[in-house]
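Chain and residue survey
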Amino acid sequence: MWWLRPNAVKKVYLTVIEKMILYVCEAWFRNNIKIRNKVLQIKRPLLIAITKSYKTVSNEALQILSGCASLEIIEIQTTREIKKLKATNYIQNQRKIDYETKLRPWERIKIKWEYFENMTEDHHIFTDGSKIGNRFGSAYVHYAKKQEVTKSQYRLADHNTVFTAEIFAIHKAIDYILDHELYDVKIVSDSRPTLMTVDSLSDQRVLIWNMKKN
C-alpha cells in the first residue's frame, strides 16, 4: 500500500480499513485509554502514508492533514445512533424487552442504592414508568442546579409491565448521562422493586444486566 499515491491510500483507508475497524463497534468500543491507543496503533501508519509526513507528527495533526475524522468520534456517534435505533425499534415494532439471558457468575453486578432526601445543586435525573389504560410508557427528567434541563418520554409495547417501564426509564437515563458525559449524577426512582432488583445478583434479565454494566 505504501507505494500507492496518497489519494489512493486514503480511498482504501476510508472504504475498507475504516469500515473494518468500525465493524460492530457498538459492542466492543469503550471510550477509554486502552481502546483509543489500540485504534491509534492501527490507523497511524495509514495516516502517515496518506500525508507523507514524518513519524514524529502528532496524531491530531495527521488527522487534520489527511482529512480523516477521528475514529473515536465516529465510533461514539455510531454507538449513539444504534442506541437510538434500538429505542425506536422498541417503540415502533412493539418488541418485548423483558427477557432473560444466562449470566456467568463473574458477570453479575450488584449496585447499591440509598434513600433520596433533598435536591441539591448537583445533577438529578428523576425516572418513572407507568401504565395508562393498556399502554405502558417510560420517562425521565434532568434537573441541574434545581432547574429542569430536559426530559424524554418513551412508549413501550402493550405486553410489558410497569416494572419493565421503570427499568427502561433508568436505562435511558444512564444512556443520556453517558452521551452527555455528565458527572456526579443522582438517578432518583420511586420504585422500590426496581431498586431491589439493581441490588440483586440473581436477576438475569437482559435489560437489567445492560443497565448495570453501563
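None of the values given here were measured: they were computed from a predicted structure. Each residue is numbered by its place in its chain's sequence as written, counting from 1. Local features in this predicted model are restricted to residues of pLDDT 70 or higher, and side-chain atom pairs are both shown and tallied only at a pLDDT of 80 or more, whereas totals for entire chains, interfaces and linings draw on every residue. Values shown for side chains rest on all heavy atoms present in the structure; no hydrogens or waters enter the calculation.

Comments concerning the packing of helix H1 (residues 6–22) against helix H3 (residues 33–51)
- Contact pair H1 / H3: the axes reach a minimum separation of 9 Å and the direction vectors enclose 160°. On the basis of their axis angle, the class for H1 and H3 is roughly antiparallel. The two elements H1 and H3 meet at a crossing, and its hand is left-handed. Residues Pro6, Val9, Lys10, Tyr13, Ile17 and Ile21 of H1 lie in contact with H3, whose contacting residues are Ile42, Lys43, Leu46, Leu47, Ala49 and Ile50.
- Side-chain classes are defined by residue name, with Ala, Val, Leu, Ile, Met, Phe, Trp, Tyr, Cys and Pro counting as nonpolar, Asp, Glu, Lys and Arg as charged, and the others, Gly among them, as polar. Counted by class, the contact of H1 with H3 contains ten nonpolar, no polar and two charged residues. Between N-to-C directions, angles span 0 to 180 degrees; the directions come from axes that are lines fitted to C-alpha atoms, helices contributing only their stretch in contact. Only DSSP runs of H or I with at least four residues qualify as helices, and only runs of E with at least two residues qualify as strands; both kinds are numbered from the N terminus onward. Geometric relationships in this document are graded by angle, where less than 35 degrees denotes roughly parallel, more than 145 denotes roughly antiparallel, 65 to 115 denotes roughly perpendicular, and other angles denote oblique. Working rule for handedness: look at the near helix, and if it is turned counterclockwise from the far one by less than a right angle, call the crossing left-handed; if clockwise, right-handed. Note on contacts: a residue pair is in contact if any heavy atoms of the two residues lie within 4.5 Å.

Focus on the sheet that holds strand E2 (residues 135–144)
- Strand pairing follows a simple DSSP-based rule, namely that at least 2 bridges must link the two strands. Strand order in the open sheet made by the four strands is E3-E2-E1-E4, with mixed pairing throughout. Each having just a single partner strand, strand E3 (147–156) and strand E4 (185–189) make up the two edges of the open sheet. Between one strand axis and the next, the sheet turns by 20° as a mean value, whatever way the strands run.
- Both E2 and E3 contribute to a ladder of nine bridges, which runs antiparallel. In the strand pairing of E3, serine 138 is matched with tyrosine 154.

A closer look at unusual backbone geometry
- Even without being glycine, lysine 52 reaches a positive phi, approximately 55°.
- Structurally, lysine 52 can be placed in the loop between H3 and helix H4 (59–66).

Topic: the pattern of salt bridges
- A side-chain nitrogen of Lys or Arg and a carboxyl oxygen of Asp or Glu constitute a salt bridge if their distance falls within 4 Å. The full count for this structure, using the stated rule, is two salt bridges.
- The shortest N-O distance in the salt bridge between aspartate 122 and lysine 186 comes to 3.5 Å. Of this pair, aspartate 122 sits in the loop between helix H5 (71–92) and strand E1 (123–132) while lysine 186 sits in strand E4, placing them 64 residues apart in sequence.
- When its relative accessible area of 35% is taken as the criterion, lysine 186 is described as partly exposed.
- Taking the shortest distance from any N to any O, the salt bridge between aspartate 175 and lysine 172 comes out at 3.6 Å. Here the residue aspartate 175 and the residue lysine 172 both occupy positions in helix H6 (residues 162–179), the gap between them amounting to three residues, near one helical turn. Considered together, aspartate 175 and lysine 172 belong to a single accessibility category, that of buried residues. Relative accessibility decides the category of a residue: with a 1.4 Å probe and only protein chains considered, values under 20% of the type maximum give buried, values over 50% give exposed, and everything between is partly exposed.

Structural notes on H4
- Those residues of H4 that sit buried are Leu62, Gln63 and Ser66. Within H4, the buried residues cover an arc of 100° as seen down the axis, which keeps them to one side. The exposed residues of H4 that point more than 90 degrees off its buried face are Glu60, Ile64 and Leu65.
- Positive backbone phi, approximately 75°, marks glycine 67, located one or two places after H4. Comment: arc refers to directions from the helix axis out to C-beta atoms.

A look at H3
- With 19 residues, H3 extends 25 Å from end C-alpha to end C-alpha; this agrees with the ideal 27 Å at 1.5 Å per step.
- By definition, a residue's bend is the angle between the axes fitted to the seven residues ending there and the seven starting there. Of all the bends in H3, the largest measures some 35° and sits at lysine 43, one to four residues before the proline proline 45.
- Looking only at H3, the buried set comprises Ile35, Val39, Lys43, Leu46, Leu47, Ile48, Ala49, Ile50 and Thr51.
- Positive phi shows up at lysine 52, right after H3, with a value of about 55°. Expected helix span is computed as 1.5 Å times (number of residues minus one).

Considerations on the pairing of E1
- In terms of strand pairing, E1 meets E2 through ten bridges, oriented antiparallel. Counterpart to phenylalanine 126 in the pairing with E2 is valine 141.
- A loop of two residues connects E1 with E2, the two strands running antiparallel in sequence, and glycine 133 in this loop sits at a positive phi of about 70°.
- When E1 meets E4, the two strands line up parallel, connected through five bridges. Its bridge partner being in E4, isoleucine 125 is matched across the sheet by isoleucine 187.

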